[in-house]
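These are the residues of each chain, in order.
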Amino acid sequence: MADYDYDLGVIGGGAAGLTVTAGAARLGAKTILIEKEEVLGGDCLHFGCVPSKTLIKSARVYHQMKRAELFGLPRIDVGPVDFAKVADRIRSVIARIQVHDSEERFCKLGARVEFGRPRFLDDHEVRLNGRKLTARNWVIATGSSPAAPPFPGLDTTPYLTNRKIFSLDRLPRSMIVLGGGPIAMEMAQSFCRFGTEVSVIQRSGQILSREDRDMADLVMQTMAAEGVRFHLGTAVESIRELGREKQVAFRDISGRVVTAAAEEILVAMGRSPNVDDLDLEKAGVEYSHKGIVVDSRLRTSRRHIFAAGDITGAYQFTHAAGYEGGIVISNAVFRLPRKTDYTYLPWCTYTSPELASIGMNEKNAAKAGIHCSVWKEEFSNNDRSLAEGEESGFIKLLLNEKEKPIGVQILGPHAGDLLAEWVAVMNGGVKLSTLAGAIHPYPTLGEINKQVAGTFLSGKIFSDTVKKGLKLFFNLKGRACGSDEPAP
Ligand SMILES: Cc1cc2nc3c(=O)[nH]c(=O)nc-3n(C[C@H](O)[C@H](O)[C@H](O)COP(=O)(O)OP(=O)(O)OC[C@H]3O[C@@H](n4cnc5c(N)ncnc54)[C@H](O)[C@@H]3O)c2cc1C
């Protein structure tokens, strides 16, 4: 058997690469991790989840300050946002988390970390910083970058992406957001809350187009009420720089060409896989514009080379990258065949209200030809929501013909956290009667999970058949007040 320098070589020190490296090293595999930037952590830590959620928090606090009167508090005349200070806070949160992703920590776990840009020489060997090194198995976890749509003029117009937006030194007066996905919506709402005039230009006729329309529309209405302007069903014609502003010309939904101008343009129109500069052809690894092609065990066209995380173009979330890292460890280190299963992959868009989802939504169920019943509960019926002053939104529970849950979507305050109970219910095959019967603390937002299960079950428990049976067996006397008409 050939003698390789390492059992495992990992390229990319983000969520996927770090998970694989930590797991493999702790299991005793001689592992090298190669990262092109000067620090580990990847997009999530430096330009993604962490900065965006930190920024969202600052925007929420500022928004609440402006709404103090709604909580019976004195009106506050808040000053303008100094974005440099928001950016400072973002940097400090990143720095605290960075400790978990330090080179020293990985070295302690037993992995060697090298910084540089490796290029494959063949399917086992790479050249890195002028040296050659070999590994029995490789894992490509190089992530993704903001896609640059081929709009005429974009290449000659300066624009923002997630790489720059969190380190701006001042708040833009106005911003055009190109795109209507989660990143676009989180940024559009936050900057609008900070005081930037925000316009969203979106190709499809719905924002968050992966989600059910009723829920996405409610997010849009909330954002529109806060001041974000939306142009849906558009086609961008051209982009150009006009002195201190940038202009976007687009065909609107009626086919008219209109223009919008702003100090900044944020491009958030999807992601491109980081496949360049790796010489994947020399390793025999196939890829397309969507990413590296993998099978259900995350093996590439070369079975000893794996790919995980955004680079596969599948589900571009940090928790998906972490999950896939675990699958790679099973297959590459334990040599136990394990396949990916995304049936219950949850996700959340952190707008206000948040929109979280697990399993099927109505759109996917219809596409898959699955008949389902839909059960809803409004946050306006949840006592804690009223106390919090956050009553917009609802939960949707989808049951298949056998009355088993196939999906849940939550649109409301802390939806991402509330979804955790459904993660356990769906992965654990927990019965709805168990959920509905379990004692939940009062008053909590989480009661909405129990309430929606109860709404479905109450139709069965309080049915006419049950009533008739009880009357027959126990001689119950029936109503003590009013008629049999349903209560108003
Ligand atoms: C603004 C924004 C907000 C987001 N918010 C969320 C969220 O709230 N929740 C969520 O789950 N996901 C979120 N995501 C998505 C999440 O960041 C990604 O899904 C996650 O980072 C993917 O992890 P990864 O390991 O595949 O890639 P990355 O984290 O990007 O890591 C890839 C690493 O590979 C390195 N690399 C690239 N090319 C090379 C090379 N040639 N050689 C060596 N190293 C290389 C990169 O420098 C990087 O460190 C967000 C993304 C963005 C942009």
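This report concerns the structure included in the present document. (Residues numbered from 1 in each chain as written. Predicted model: local features only at pLDDT ≥ 70, side-chain atom pairs only at ≥ 80, totals over all residues. Heavy atoms only, no water.)

1. Structural notes on the site of the ligand
Taken together, 35 residues form the shell around the ligand, and within it Ala 16, Glu 35, Lys 53, Asp 310 and Thr 318 come nearest. Note that an oxygen atom of the ligand is positioned 3.0 Å from one of the backbone N or O atoms of Ala 15. Here Phe 317 contributes a backbone N or O atom positioned 3.2 Å from an oxygen atom of the ligand. Notes on the ligand: free accessible area 990 Å², of which the protein chains cover 94%. Contributing elements (two or more residues each) for the shell around the ligand: helix H1 (15-26), strand S2 (31-35), helix H2 (42-46), helix H3 (49-66) and helix H9 (318-334). Its residues assigned to classes, the shell around the ligand shows 14 nonpolar, 14 polar and seven charged. (Near = heavy atom within 4 Å. Polar contact = N/O pair within 3.5 Å; in protein donor to acceptor, adjacent residues only side chain to side chain. Areas by Shrake-Rupley, 256 points an atom, 1.4 Å probe, with all protein chains shown as cover. Helix = DSSP H or I, 4+ residues; strand = E, 2+ residues; numbered from the N terminus. Nonpolar A, V, L, I, M, F, W, Y, C, P; charged D, E, K, R; others polar.)

2. Description of helix H4 (residues 83-98)
Residues three or four positions apart in an α-helix share a direction because the helix packs 3.6 residues into each turn. Spanning 16 residues, H4 covers 22 Å between terminal C-alpha atoms, matching the ideal 22 Å at 1.5 Å per step. Phe 83, Val 86, Ala 87, Ile 90, Ile 94 and Gln 98 are the residues of H4 that are buried. Seen from one end, H4 has its buried residues packed into an arc of 120°, which puts them on one side. Turned more than 90 degrees away from the buried face of H4 sit Lys 85 and Arg 96, all of them exposed. Buried residues along H4 sit in contact with H2, H3 and helix H6 (182-194). (Expected span 1.5 Å × (residues − 1). Buried < 20%, exposed > 50% of the residue type's maximum accessible area, 1.4 Å probe, protein only. Arc of directions from axis to C-beta. Contact = heavy atoms within 4.5 Å.)

3. Details of the pattern of salt bridges
Applying the stated criterion across every chain, the model contains 31 salt bridges. Between Glu 263 and Arg 173 there is a salt bridge whose closest N-O contact spans 3.3 Å. Here the residue Glu 263 occupies a position in the loop between strand S13 (257-262) and strand S14 (264-267), and Arg 173 occupies one in the loop between strand S7 (144-146) and strand S8 (174-178), the gap between them amounting to 90 residues. Among the ionic contacts, a cluster of salt bridges with common partners joins Lys 36, Glu 37, Asp 43, Arg 163 and Arg 271. (Salt bridge = Lys/Arg side-chain N within 4 Å of Asp/Glu carboxyl O.)

4. A short note on the layout of surface pockets
Taken as a whole, the second largest pocket spans an internal volume of roughly 840 Å³. Forming the walls of the second largest pocket are 33 residues, and the residues nearest its centre are Arg 60, Ser 352, Glu 390, Pro 413 and His 414. Elements with a contribution of two residues or more to the lining of the second largest pocket: H3, helix H7 (213-226), strand S19 (347-349) and helix H12 (415-428). If one sorts the elements of the lining of the second largest pocket by residue count, H3 sits on top with seven residues. (1 Å grid on protein atoms, 1.4 Å probe; cavity = no way out; pocket = protein on both sides within 12 Å on 5 of 7 lines; lining within 4 Å. Points joined across faces, edges and corners; volume = space filled by probe spheres on them.)

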